[in-house]
Amino acid sequence: MRFIVRKITVLKALVLALGLSLGAQAPASIDTYEFSDPGQEALYLDLIQELRCLVCQNQNIADSNAELAQDLRRKTYEMVKKGENKDQIVEFMVARYGDFVMYSPPFKATTLMLWVGPVLIFVLAVAMLIRVIRRRPSSNDRLLSEEQRRRAEQLLNQTEEK
């Protein structure tokens, strides 16, 4: 009977491992674009590194597998193939998606929080940390008074005598 139980347990483990290994293989697509000019290819590679995926927000469109990033790569490729320069392509993307589409947006009123926000949050966090540290009682406040110490010794001596 034990042999059958072990066999079933091993079989369950194998089925689980097989299921997990098959489920981990998500379908992935690889964009392959051909360029007639190495300059166009360099421009394309530069642009997809500079443009941010608006879905992922922490990846450029070169590294993202989101559908929007795939569309942006395809549109960038089409514009490069048409002979448009970097400024024209960036201008198109900014007009369509806003300044946030660029990893390094220009410093202006509409992007002020993108530039100042992280510094402001850091300064506020440091100020709050300093405030918490200053409000903590000092180590001298935690010490027992002489009377409290004598009382504690008496209680300890009572338990030792018993």
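This text goes with the structure placed above it.
Residues numbered from 1 in each chain as written. Predicted model: local features only at pLDDT ≥ 70, side-chain atom pairs only at ≥ 80, totals over all residues. Heavy atoms only, no water.

(A) Here's a closer look at the state of the cysteines. Within the structure shown, the criterion is met by zero disulfides. Summary of cysteine pairing: cysteine 53 is not part of a disulfide, and the nearest cysteine sulfur, belonging to cysteine 56, is at 3.5 Å. For cysteine 53, a relative accessible area of 1% puts it in the buried group. (Disulfide = S-S within 2.5 Å. Buried < 20%, exposed > 50% of the residue type's maximum accessible area, 1.4 Å probe, protein only.)

(B) The arrangement of the pattern of salt bridges in detail. Applying the stated criterion across every chain, the model contains five salt bridges. Residue arginine 149 pairs with glutamate 146 through a salt bridge whose shortest N-O separation is 3.5 Å. Here the residue arginine 149 and the residue glutamate 146 both occupy positions in helix H6 (residues 146-161), the gap between them amounting to three residues, near one helical turn. One salt-bridge network, in which partners are shared between bridges, spans Asp46, Glu50 and Lys86. (Salt bridge = Lys/Arg side-chain N within 4 Å of Asp/Glu carboxyl O. Helix = DSSP H or I, 4+ residues; strand = E, 2+ residues; numbered from the N terminus.)

(C) Summary view of the packing of aromatic side chains. In this structure the tally under the stated criterion is six aromatic pairs. Consider the rings of tyrosine 44 and tyrosine 77, whose centres lie 6.3 Å apart with planes at 90 degrees: the pair is edge-to-face. Here tyrosine 44, found in helix H2 (residues 38-50), pairs with tyrosine 77, found in helix H3 (residues 67-81); they are 33 residues apart in sequence, far enough to count as distant. Across the pair, exposure class does not vary: tyrosine 44 and tyrosine 77 are buried alike. With centroids separated by 6.4 Å and ring planes inclined at 65 degrees, the aromatic side chains of phenylalanine 107 and tryptophan 115 adopt a geometry described as edge-to-face. A connected cluster of aromatic rings, assembled from ring pairs, spans Tyr33, Phe35, Tyr44 and Tyr77. Sitting over the ring of phenylalanine 100, arginine 52 keeps its end group 4.3 Å from the ring centre. (Phe/Tyr/Trp six-rings, centres within 6.5 Å; stacked < 30°, edge-to-face > 60°. Lys NZ or Arg CZ within 6 Å of the ring centre and 35° of its normal.)

In short, the description is geometric, and any link to function would need to be established separately.
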